[in-house]
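# Residue-level structure breakdown
The residues making up each chain are set out below.
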Amino acid sequence: MMDVAGEKNIDVAYVAHLARLRLSEEETAVFQKQLEGIVGYVNKVREIDTTGVEPTAHGRSVQNVFREDMAREGLTTEEVLRNAPAQRDGLFVVPKIVE
Amino acid sequence: MKYIASIGLEVHVQLKTDSKMFCSCRTSFGDKPNANICPVCLGYPGTMPTMNEKAICYTVMTGLMTGSSISNYSKFDRKSYFYPDMPKNYQISQYDMPLCVGGSVEIESDAGARSVALCRIHLEEDVAKNLHFANHSGVDFNRAGTPLMEVVTEPDMVSPDEALAFLLALKQILQYVGASDCNLEEGNLRCDVNCSVRPEGTETLGTKSEIKNLNTFKGVHDALAYEIVRQVEALQNGERIVQDTRRWDVDAGATFQMRSKEAAHDYRYFPEPDLMPVVLLQEQIDTWKKGLPELPGARRKRFVAQYGLPEYDARVLAGDREVADLFEQAASFNTDYKSVSNWIMTELLRHLSETGKTVASLPLTPKALADLVALVGGGKVTSTSAKEILGELMAHGGDPATIMQARGLVQVNDSDELSMFVNEAVADNPKSVEDYRKGKKAAIQFLVGQVMKQSRGKANPQIVAQLVRERIDAH
């Protein structure tokens, strides 16, 4: 995302590629326009003076939400695989992975 | 021209927790595929991760052992990518605010002792395991979500030997903390290594290659040894090193390119909105700090100073926390420290390496070991018999004196009782007697051996030697 004058706020084709979305040229153009508008609108936030304000990842000041290290039963293998498009010997079957 | 290598490691350590990082599923190894899974580790929409406190604690403890600075404020982020081993299409990891920053690990190699600088230690979740078949692949999500601590070094090592020494030192620390079983067969430790070379005398690091997913220490060593030669040869032939990701092929004994930098990933890290930040107060860190064990190096030095052990003994004993604990506990019952050390280093460690067992799994108590060493020291039992008793203690436990009595292993010191065996040995072996008389002093050892055999190892060898000499000299 760039906000330098004259450059795009967002590169829809690139973002679509990262999200593994196949967009037609027409769709790319439509979304480019729409998302530029949205990102441009959100960019207004940058106009606020945030000097001396700590960045935060959360709106609430809750922290250290921990769980004790205790194991519990999860789902049965049958339940786990119920929605699998393909399965074999208890495994999810996927197209051959070539590294 | 001479070249200098720069090596950095990323070590992924599976932590020894009972449950996964963000859900309560078991972390056990070797279960049937897809048996330890719930909607959270399958990444179902609407599920919420919660942090395993033990995993945070282990990571911080490791950071304290390596002298890292522990972040007072730390958070988790989403690392987005598509791969069948990642059900959510993102991995929860830590990007810009890891739990531990900096630090170092002391290593020792043939090049001497030095310290390797760490960049950071962070926490993330492990991914699923892929199995490959002829026409398809299979995915087992049991491992997905296991707490994975990533230790990242600076490109601070210069040789495969140093990288190996680092891994051994790190393993020692992890076992001391109890943070991981460090079982390589079960994939508890997995490494990515990066490596570059530059002409001697220059400062700027060369272009690096990354070798992914090495799961043995030997693999790390051999892959680096190959990679350094490959890069140096390329430069000498006037080629340019291209930044790439490679894999190590054990059978070929070579690294192969998987992808070049051009195809580098854009992980689009952003803060994990489902997890709140980790804020560690100094108070909490101090409490964990108090529970820290002594570092292996410090313990080694103390063993030399406190118990007067040779450097070699101290190194062997301190190398394994359980072994070191056993030694110290036994030493609290028996001040013949060197003898206690000897019995541990020879018989006990041999037993462990032969059976693949750990000290903790043995029924042998430190008190029993100390008592056995005292029995040998006090001439109550021969070392041959003591080995038999120790075998029993390691197999079934018990009290050494009781076992000694029950098996009739009490050392025979009584000259009259032994004289019978001595007379027999001298009468049956005229050749050895003759040799001894001709000045071949070693011949006496054979005769002593015969008596020991007759007494089934119970005779006191010093007394026997004395008696044999007296018997021969008298005739």
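Scope of this entry: the structure provided in the associated data block. (Residues numbered from 1 in each chain as written. Chains lettered and ligands numbered in written order. Predicted model: local features only at pLDDT ≥ 70, side-chain atom pairs only at ≥ 80, totals over all residues. Heavy atoms only, no water.)

## Notes on the overall build of chain B
Regarding its fold elements, chain B presents 15 helices and 18 strands. For 475 residues, the compact-globule estimate of 2.2 N^0.38 gives 23 Å, and chain B exceeds it by more than 25% at 29 Å. Summarising its shape, the C-alpha atoms of chain B cover approximately 95 × 55 × 50 Å along the three principal directions. Classification of the 475 residues of chain B by burial places 50% in the buried group. (Helix = DSSP H or I, 4+ residues; strand = E, 2+ residues; numbered from the N terminus. Rg over C-alpha atoms; globule rule 2.2 N^0.38 Å. Buried < 20%, exposed > 50% of the residue type's maximum accessible area, 1.4 Å probe, protein only.)

## Let's talk about the overall build of chain A
Counting secondary structure elements, chain A contains 3 helices and 3 strands. Reading the helices (α) and strands (β) of chain A from amino to carboxyl end gives α-α-β-α-β-β. For 99 residues, the compact-globule estimate of 2.2 N^0.38 gives 13 Å, and the C-alpha radius of gyration of chain A, at 23 Å, exceeds that figure by more than 25%. Each principal axis of the C-alpha distribution contributes one length, and for chain A these read about 55 × 45 × 25 Å. With 99 residues in all, chain A has 21% of them scored as buried. Relative to all contacts within chain A whose residues are 6 or more apart in sequence, the contacts with residues 24 or more apart total 34%. (Contact = heavy atoms within 4.5 Å.)

## Description of the pattern of salt bridges
Residue and element names in this part refer to chain B. Overall, the coordinates contain 35 salt bridges over all chains when judged by the stated rule. In this structure, Asp 244 engages Arg 246 in a salt bridge whose closest nitrogen and oxygen atoms are separated by 2.7 Å. According to the relative accessible area criterion, Asp 244 is buried, its value standing at 5%. Judged by its relative accessible area of 8%, Arg 246 is buried. Between Arg 299 and Glu 328 there is a salt bridge; the shortest N-O distance is 3.0 Å. Of this pair, Arg 299 sits in helix H5 (residues 296–307) while Glu 328 sits in helix H7 (residues 321–331); the two residues are 29 residues apart in sequence, bridging distant segments of the chain. Among the residues examined, Glu 328 registers a relative accessible area of 17% and is labelled buried. (Salt bridge = Lys/Arg side-chain N within 4 Å of Asp/Glu carboxyl O.)

## Some points on the nonpolar core
Residue and element names in this part refer to chain B. The biggest cluster of nonpolar side chains holds 101 residues, and the ones touching the most others in it are Leu 9, Val 11, Ile 56, Phe 76, Phe 166 and Leu 369. Element by element, the count of residues in this core is highest for helix H2 (residues 160–177), at 10 residues. Once residues lying within four places of it in the same chain are set aside, the contact partners of Phe 166 are Leu 9, Val 11, Val 105, Ile 107, Val 116, Leu 118, Val 151, Thr 153 and Met 157. Residues Leu 418, Leu 447, Val 448 and Ala 459 belong to the second largest nonpolar core, which totals 20 residues. (Core = buried A, V, L, I, M, F, W, Y, C linked by side-chain atoms within 4.5 Å.)

## A closer look at the packing of helix H9 (residues 366–377) of chain B against helix H10 (residues 383–396) of chain B
All names here are of chain B. Interhelical geometry of H9 versus H10 gives an angle of 170° and a closest axis separation of 11 Å. In this view, H9 runs roughly antiparallel relative to H10, as classed from their interaxial angle. In contact with Ala 368, Leu 369, Leu 372 and Val 376 of H9, H10 contributes Ala 386, Ile 389, Leu 390 and Leu 393. Taken together, the residues of the contact of H9 with H10 sort by class into 8 nonpolar, no polar and no charged. (Axes fitted to C-alpha atoms, helices over the stretch in contact; angles between N-to-C directions. Parallel < 35°, antiparallel > 145°, perpendicular 65-115°, else oblique. Nonpolar A, V, L, I, M, F, W, Y, C, P; charged D, E, K, R; others polar.)

## Digging into the packing of aromatic side chains
In the structure shown here, the tally under the stated rule is 10 aromatic pairs over all chains. Measuring from ring centre to ring centre gives 5.2 Å for Phe 92 of chain A and Phe 141 of chain B, while their planes differ by 85°; the resulting arrangement is edge-to-face. Of this pair, Phe 92 of chain A sits in strand E3 (residues 91–95) while Phe 141 of chain B sits in the loop between strand E11 (136–140) and strand E12 (147–153), which puts the two residues in different chains. Like Phe 92 of chain A, the residue Phe 141 of chain B is buried in the burial classification. One aromatic cluster is present, formed by Tyr 81, Tyr 95, Tyr 267 and Tyr 269 of chain B through successive ring pairs. The ring of Tyr 267 of chain B has Lys 79 of chain B sitting right over it, with the charged end atom 4.4 Å from the ring centre. Its end group placed over the ring of Tyr 436 of chain B, Lys 441 of chain B keeps NZ or CZ at 4.7 Å from the ring centre. (Phe/Tyr/Trp six-rings, centres within 6.5 Å; stacked < 30°, edge-to-face > 60°. Lys NZ or Arg CZ within 6 Å of the ring centre and 35° of its normal.)

## What to know about the interface of chain B and chain A
Note: interface size is frequently given as the accessible area lost on complex formation between the parts. Each side of the interface is counted separately: chain B has 53 residues, and chain A has 35 residues. Summed over both sides, the interface between chain B and chain A buries roughly 3800 Å², with carbon and sulfur atoms accounting for 56% of that surface. Taken together, chain B and chain A are joined by 1 salt bridge. For the salt bridge of Glu 73 of chain A with Arg 26 of chain B, the shortest nitrogen-to-oxygen distance reads 2.6 Å. Seen at the junction of chain B and chain A, the total is 24 residue pairs in polar contact (both at pLDDT 80 or more). If you list the elements that add at least two residues to the side of chain B that touches chain A, you get strand E2 (51–52), helix H1 (53–65), strand E10 (129–132), E11, strand E16 (254–260) and strand E18 (278–279) of chain B. Residues belonging to the side of chain B that touches chain A are distributed by class as follows: 30 nonpolar, 12 polar and 11 charged. (Buried area = accessible area lost by both parts, 1.4 Å probe. Polar contact = N/O pair within 3.5 Å; in protein donor to acceptor, adjacent residues only side chain to side chain.)

## Focus on the sheet that holds strand E5 (residues 77–80) of chain B
All names here are of chain B. One open sheet holds the 3 strands; their spatial order is E6-E5-E17, and the pairing between them is antiparallel. Looking at strand neighbours, the two that pair on one side only are strand E6 (90–93) and strand E17 (270–271), the edges of this open sheet. Two strands pair when backbone bridges link them, and E5 and E6 are joined in this way by 4 bridges, in the antiparallel orientation. Looking at the pairing, Ser 80 lines up with Tyr 90 of E6. (Pairing = 2+ DSSP bridges.)

## Thoughts on the pairing of strand E14 (residues 209–214) of chain B
Residues and elements named next belong to chain B. With 4 bridges joining them, strand E13 (residues 189–199) and E14 adopt antiparallel strand pairing. Counterpart to Cys 191 in the pairing with E14 is Leu 214. In this region the chain leaves E14, passes through helix H3 (residues 217–236) and returns to the parallel neighbour strand E15 (residues 244–249); the handedness of that crossover is left-handed. (Right-handed = clockwise from strand over helix to strand, strands pointing away.)

## Topic: the sheet that holds E3 of chain A
The strands making up a sheet associate through backbone hydrogen bonding, with each pair oriented either parallel or antiparallel. Here 4 strands make up an open sheet; going across it, the order is E2(A)-E3(A)-E11(B)-E10(B) and the pairing antiparallel. Two strands bound the open sheet, and with one partner strand each, they are strand E2 (87–88) of chain A together with E10 of chain B. Relative to E3 of chain A, E2 of chain A is paired through 2 bridges, and the arrangement is antiparallel. In the strand pairing of E3 of chain A, Gln 87 of chain A is matched with Phe 92 of chain A.

## Observations concerning the pairing of E11 of chain B
Burial analysis of E11 of chain B places 5 of its 5 residues in the buried class, which makes it a mostly covered element. Alignment of E3 of chain A against E11 of chain B, held across 4 bridges, turns out to be antiparallel. Of the residues in E11 of chain B, the one forming a bridge with Pro 95 of chain A is His 136 of chain B. The sheet contact formed by E10 of chain B and E11 of chain B spans 4 bridges and is antiparallel. Along E11 of chain B, the bridge assignment pairs Leu 131 of chain B with Gly 138 of chain B. Taking the residues that link successive antiparallel strands as the turn, the E10 of chain B-E11 of chain B hairpin has 3 residues.

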